[in-house]
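# Survey of secondary and tertiary structure
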Amino acid sequence: MRLSTYFLPTLKETPSEAQIVSHRLMLRAGMIRQSSAGIYSWLPMGLKVLRKIEQIVREEQNAINCHEVLMPTIQPADLWRQSGRYDDYGPEMLRITDRHDRDMLYGPTNEEQITEIFANTVRSYKDVPQLLYHIQWKFRDEVRPRFGIMRGREFLMKDAYSFDLDKEGARKSYNKMFVSYLKTYERLGLKAIPMAADTGPIGGDMSHEFLILADTGESEIACHRDFVDMSWSDYEVDFDGDLQPVVDQFTNQYAATDEKRDPEAEKALGDDLITARGIEVGHIFYFGDKYSSKLGAIVTGPEGEDITVEMGSYGIGVSRLVGAIIEASHDDNGIIWPESVAPYKVGLINLKYGDDECTKACDDMYGALSEAGIDVLYDDRDKKAGAKFADMDLIGLPWQIVIGPRGIKDGIVEFKNRKTGERQEISPDQAIERLKG
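First, a word on what this report is: a plain description of the structure on this page.

Calculation criteria
- Residues numbered from 1 in each chain as written.
- Predicted model: local features only at pLDDT ≥ 70, side-chain atom pairs only at ≥ 80, totals over all residues.
- Heavy atoms only, no water.
- Helix = DSSP H or I, 4+ residues; strand = E, 2+ residues; numbered from the N terminus.
- Rg over C-alpha atoms; globule rule 2.2 N^0.38 Å.
- Buried < 20%, exposed > 50% of the residue type's maximum accessible area, 1.4 Å probe, protein only.
- Contact = heavy atoms within 4.5 Å.
- Areas by Shrake-Rupley, 256 points an atom, 1.4 Å probe, with all protein chains shown as cover.
- Lys, Arg positive; Asp, Glu negative; His and termini not counted.
- Charge placed at Lys NZ, Arg CZ, Asp CG, Glu CD.
- Arc of directions from axis to C-beta.
- Axes fitted to C-alpha atoms, helices over the stretch in contact; angles between N-to-C directions.
- Left-handed = near helix turned anticlockwise from the far one by under 90°.
- Salt bridge = Lys/Arg side-chain N within 4 Å of Asp/Glu carboxyl O.
- Pairing = 2+ DSSP bridges.
- Core = buried A, V, L, I, M, F, W, Y, C linked by side-chain atoms within 4.5 Å.
- Phe/Tyr/Trp six-rings, centres within 6.5 Å; stacked < 30°, edge-to-face > 60°.
- Lys NZ or Arg CZ within 6 Å of the ring centre and 35° of its normal.

Below, the discussion takes up the overall build of the chain. Counting secondary structure elements, the chain contains 14 helices and 23 strands. The globule rule puts the C-alpha radius of gyration for 437 residues at 22 Å, and the 25 Å found for the chain is close to it. The proportion of buried residues among the 437 residues of the chain is 52%. The contacts in the chain between residues at least 6 apart in sequence include a share of 71% that link residues at least 24 apart. A total of about 19,900 Å² of accessible surface is found on the chain, and carbon and sulfur atoms cover 46% of it. Considering the chain, the positive charge centre built from 53 side chains and the negative charge centre built from 74 side chains are found 5 Å apart.

Rendered as structure tokens:
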């Protein structure tokens with residue numbers, strides 16, 4: 001992509017309304033613009049990151065045989081009355097009436113909707129278990145939306161739902177999703193800490209929230225250092241097998257946040273205690289027959305008996321992850337994207353606009369990178385070098401290639417790692433091979 005034709009409205013100054021790092025940098029890097037309180041438009045650069053995160057989440061859900069559906073944003077109020085949550089949910093739910101005076105709502109979550117689908121579709125125990133998910137926009141009317149997309153009113157969420165014949169099967173589904181979440185966050189370049197959590201308005205008796213480490217996190221985490229040191233790339237996980245030992249490895253270790261911290265347990269850990277800040281990016285629940293019993297999710301068992309299925313729900317804040325990654329990975333100059341979610345892998349900078357040799361060398365490099373399948377953002381604008389460097393650091397692409405008159409004479413380019421700041425002078429072919437690797 002040529003930056004001269006790209007829609008990237010960067011800002012030099014930080015908007016006064018931006019209180020946290022991710023909000024400031026997303027506005028300055030031209031990723032989002034506010035539409036109204038807590039509601040944002042996603043511009044090309046921001047949308048590209050959002051879609052990459054969404055795809056990683058999708059791939060990891062598919063890997064555990066969780067099937068994608070797409071449910072509507074607007075739901076009938078009668079479904080929520082059946083479950084008993086319509087009046088209980090509170091003012092965060094946006095309630096509306098259509099032209100026929102039917103009560104509707106803008107869905108904050110989808111337990112009722114997916115349970116109705118299952119109840120009207122699945123009849124036999126032979127068709128259970130089932131794991132279903134969708135990635136859809138949600139709306140919760142926060143009383144004080146703030147921190148940009150981190151606590152907005154409209155947000156993109158992956159929510160999944162499990163249906164099992166008994167508690168043992170439901171726990172297996174829960175464990176499968178637990179491990180899947182840890183793998184998902186690692187692919188996103190994040191360290192996620194699972195915490196035992198309250199179930200809130202979702203309900204149920206087993207729940208974990210996942211927090212990623214960030215200096216600007218909203219909660220203080222205390223945990224065993226094994227959480228931070230462990231890498232899922234070291235594991236071969238069989239999702240069809242018994243995942244309980246893997247889950248136990250995490251849940252048996254100490255991890256607590258805010259009011260749930262235990263001073264005595266922390267003292268006993270000694271040097272193994274890690275304290276840090278964290279941001280919630282996922283929440284999973286097991287709630288038995290809370291919804292299935294009220295909405296008729298019943299299947300016929302092997303002996304002809306009626307079985308009310310056991311359920312769980314599993315959420316990941318996809319749009320929230322964009323901000324969370326920035327909170328966890330930035331410096332004074334701007335964003336530092338992990339390669340897995342970066343909008344482009346490399347930024348190509350023409351150091352001397354208007355110089356024929358520089359233009360030809362940059363055009364050739366741009367063509368070679370594109371032909372090699374490397375996603376490149378080419379800064380071919382008529383701007384000073386300092387402005388180009390500042391913008392490229394601000395938007396945080398993992399690599400930069402700088403081409404100027406001196407390098408052309410010596411047959412080299414400057415190759416920069418955005419995260420470490422390390423610079424090397426190498427040949428154009430070497431740069432391409434490094435990026436391909």
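Moving on to helix α14 (residues 428-436). Those residues of α14 that sit buried are A431, I432 and L435. What you see down the axis of α14 is that its buried residues fit within an arc of 95°, all on one side. On its buried face, α14 sits against β19 (346-350), α11 (356-371), β21 (399-403), β22 (413-417) and β23 (423-426).

Interaxial distance between helix α2 (residues 44-63) and helix α5 (residues 167-187) falls to 10 Å at its minimum, and their mutual angle equals 145°. Regarding α2 and α5, the two cross each other, and that crossing is right-handed. On α5, the residues touching I56, V57, E59, E60 and Q61 of α2 are M177, S180, Y181, K183, T184 and R187.

Here we take up the pattern of salt bridges. If you walk through the whole model with that rule in mind, you get 33 salt bridges. Note that E54 is salt-bridged to R51, the shortest N-O span being 2.7 Å. Of this pair, E54 and R51 both sit in helix α2, separated by three residues, roughly a single helical turn. Look at R51 and you get partly exposed, because its relative accessible area is 41%. As a salt-bridge pair, D78 and R81 come within 3.0 Å of each other at their nearest N and O atoms.

This paragraph deals with the sheet that holds strand β20 (residues 376-379). One open sheet holds the five strands; their spatial order is β20-β19-β21-β22-β23, and the pairing between them is mixed. Whereas interior strands pair on both sides, the edge strands pair on one side only; in this sheet they are β20 and β23. On average, each strand axis in the sheet is inclined to that of its neighbour by 20°, with strand direction left out of account. Where β19 and β20 come together, four bridges link them in parallel fashion. Each bridged residue has a counterpart across the sheet, and for I349 the counterpart in β20 is D379. Where α11 meets the sheet, it contacts β19, β20 and β21, and its direction lies at approximately 165° from that of β19.

A word on the nonpolar core. Counting residues in each nonpolar core, the largest one holds 82 residues, and the members touching the most others are M31, I53, Y185, V322 and W337. When residues of this core are assigned to their parent elements, the largest contribution, eight residues, is made by α5. Beyond its immediate sequence surroundings of up to four residues, Y185 is in contact with L190, A192, F210, V281, G282, I316 and L321. With 18 residues, the next largest nonpolar core counts V376, Y378, I403 and F415 among its residues.

Attention now goes to the packing of aromatic side chains. Scanning the entire structure with this criterion turns up 14 aromatic pairs. Measuring from centroid to centroid gives 4.2 Å for F118 and F163, while their planes differ by 0°, and the two rings are stacked. Remark: F163 occurs in strand β8 (residues 154-164) and F118 occurs in helix α4 (residues 111-119); sequence separation between them is 45 residues. The pair F118 / F163 is uniform in exposure class, with both members buried. Aromatic side chains F287 and Y291 sit 4.9 Å apart centroid to centroid with 75° between the ring planes, which places their arrangement in the edge-to-face category. Across this residue pair, the class does not change: F287 and Y291 are buried. An aromatic cluster of at least three residues, connected via ring pairs, comprises F178, Y181, Y185, F210, F227 and F250. For the cation-ring pair, K48 lies above Y344, with the distance from its terminal atom to the ring centre recorded as 3.6 Å. Between R81 and the ring centre of Y86, over which it is positioned, the NZ or CZ distance is 4.5 Å.

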